[in-house]
Amino acid sequence: MAYDHIFRAGNRADILKHVALLAAADTLAARHPRDRFVYADAFAGYACSPMVGSFGWEDGLGSLLKSQGEQSDDDGARVNPHLALFLRRYFAHTTITSDRSTWRDRPSLVSGIYPGSSLVAFDAIRRHGPTPDLRLFDISLAVIANLRAVFREHHATVVGSPAEPESPLLTDVDLLLIDPPGVRSPNDRSAPGWNELSALILSGAKSATPLLVWLPIMGDPNGETADSQSWRREIAARDPGVRTWTTQWKEAAPAHGGMLGTQLMWRLPQDAEAAVFAALESIRTQG
Ligand SMILES: C[S@@+](CC[C@H](N)C(=O)[O-])C[C@H]1O[C@@H](n2cnc3c(N)ncnc32)[C@H](O)[C@@H]1O
């Protein structure tokens, strides 16, 4: 079966990525000089997913909500503002219990919907006034139908083919998310290769297009593979404005398909970078 994010929505990596995206979009939109804010998502995924079964959300969103619930009011005052906004906006009415016997066919997340990157960015932009102008790329028919339904009444261009670095839809972008389903390998031939990812990232180097990239750390208990390391070095050499943040889980979780950790890269103005970094570190310290 082709990659389908619906089975992974809300996993540990999603939480990091979506709170980082919210922090970046919120900071940039708050001081945006124009009426329109162009958000491009090169691997857009669903605008929102039902929280089905006991897939990846359990130790991502599930444990985050649980740790928030265990904090005292004093701790609450110190919660990172973007993490707090994310939880308040999407999960204020969500309750969770670790008692699996009550789950039956459904998880016990009452509101049961997890937001995708396009919705997180859309909401963050709108909060500050500019009209979101969405450029959403995905090759899955199910995803395309979902994006068109959710953003029907809004300014959204949904493209059913891979994002080409030279595409006019990727010019004058205010924030670009590159969130591939993985990186091509002998076991996963359908995912984009390192070269395609480099071309997308570096196409915005000259204009310093604000950018957030998510990548998995897969497979090797000792950390990042040699391929990934040399690729990162090459990106840093060709665009010193790109920064990298990595985190490794204590153990690989089967629900993460063998993912050992996650890597976020960004090219962002200083205030947005500071907001993203603070949000990521606040989640790391809770994990
Ligand atoms: C990790 S998911 C995206 C998750 C989403 N960005 C989010 O955070 O909510 C990756 C998506 O890329 C899509 N995809 C796979 N290969 C693609 C390609 N070559 N071009 C565009 N989209 C692709 C998949 O259908 C899937 O929906």
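Preceding block: the structure.
Draft legend 1. Fine view of the overall build of the protein. Regarding its fold elements, the protein presents nine helices and nine strands. Residue burial in the protein is summarised as follows: out of 287 residues, 41% are buried. Taking all contacts inside the protein whose residues are at least 6 apart in sequence as the whole, residues at least 24 apart take part in 75%.

Draft legend 2. Inspection of the site of the ligand at higher detail. Not every one of the 18 residues close to the ligand is listed here, only the nearest: Phe43, Gly45, Gly116, Ser117 and Ser140. Counted by class, the shell around the ligand contains nine nonpolar, five polar and four charged residues.

Draft legend 3. Looking closely at the packing of helix α1 (residues 12-30) against helix α4 (residues 81-91). One can describe the packing of α1 onto α4 by two numbers: an axis separation of 9 Å at closest approach and a directional angle of 110 degrees. Here α1 lies roughly perpendicular to α4, going by the angle between them. Listed contacts from α4 to His18, Val19, Leu22, Ala23 and Asp26 of α1 are His82, Leu83, Leu85 and Phe86. Taken together, the residues of the contact of α1 with α4 sort by class into six nonpolar, two polar and one charged.

Rules of the game
- Residues numbered from 1 in each chain as written.
- Predicted model: local features only at pLDDT ≥ 70, side-chain atom pairs only at ≥ 80, totals over all residues.
- Helix = DSSP H or I, 4+ residues; strand = E, 2+ residues; numbered from the N terminus.
- Buried ≥ 20, exposed ≤ 12 C-beta atoms within 10 Å, placed from the backbone.
- Contact = placed C-beta atoms within 7 Å.
- Near = placed C-beta within 6 Å.
- Nonpolar A, V, L, I, M, F, W, Y, C, P; charged D, E, K, R; others polar.
- Axes fitted to C-alpha atoms, helices over the stretch in contact; angles between N-to-C directions.
- Parallel < 35°, antiparallel > 145°, perpendicular 65-115°, else oblique.

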